[in-house]
Amino acid sequence: MLFLTVQTSSINGVVFELFSAVIAAGSGCFINQWPDAEQAVLAFKLAFFISLIQLATFATHLNGDMKLPENSWPLGVFFFAVSWGLDRYMLYTLNRTLKVISELGEVMEDAQRKTISETRNTKNDKPKRNKNENDKHTLAPESKKDR
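Criteria and thresholds
- Residues numbered from 1 in each chain as written.
- Predicted model: local features only at pLDDT ≥ 70, side-chain atom pairs only at ≥ 80, totals over all residues.
- Heavy atoms only, no water.
- Phe/Tyr/Trp six-rings, centres within 6.5 Å; stacked < 30°, edge-to-face > 60°.
- Helix = DSSP H or I, 4+ residues; strand = E, 2+ residues; numbered from the N terminus.
- Buried < 20%, exposed > 50% of the residue type's maximum accessible area, 1.4 Å probe, protein only.
- Polar contact = N/O pair within 3.5 Å; in protein donor to acceptor, adjacent residues only side chain to side chain.
- Contact = heavy atoms within 4.5 Å.

A. Highlighting the packing of aromatic side chains. This model, assessed by the stated rule, comprises six aromatic pairs. For the ring pair Phe44 and Phe48, a centre distance of 6.3 Å and an interplane angle of 15 degrees mean the geometry is stacked. With Phe44 and Phe48 both in helix 2 (residues 37–63) and four residues apart, this pair spans about one turn of that helix. For Phe48, a relative accessible area of 40% translates into the label partly exposed. Ring centres of Phe58 and Trp73 lie 5.5 Å apart, and the angle between their planes is 40 degrees; this geometry places the pair in the tilted category.

As structure tokens, this is what we get:
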């Protein structure tokens, strides 16, 4: 379906569209970290390299040195640029989130320490009870000032 719009008489057009397909597949593997992170970096490098080739091919077409089909645009490059930009934004927000979480953890630890120390202080400051706790109507001895 992808190649229905490409004129088969121009091999340059077919290769140009194949570049778009390979770039899209490489960018997709990179964004999805498929099959693992190391191969995703390889997919990124492949997509980047082919994007440069596609841009050079398109620039050559714009200069008139190479003939591409009339409606050819470097869509693979656009897809790669958007994918890369989204990946950078995701990494930025992830780093920002991790920083906020660590700061929040520090604040929570400080608040917990403060609460624990206040609790210990209030336990030590409890008023002393009469030895006879069962007798609640026991009056405290009067002081000389009260007389």
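After presenting the structure, the write-up continues.
B. Here's a closer look at the side chain of Ser20. With respect to the helices and strands, the residue Ser20 is situated in helix 1 (residues 11–32). Within the structure, Ser20 has its side chain in polar contact with the backbone nitrogen of Gly76 (distance 3.3 Å). Among all residues touching Ser20, those that are not within four sequence positions of it are Gln54, Trp73, Leu75 and Gly76.

C. Region of the structure containing the side chain of Asp87. Mapped onto the secondary structure, Asp87 falls in helix 3 (residues 75–124). Excluding its chain neighbours within four sequence positions, the residues that come into contact with Asp87 are Phe30 and Ile31.

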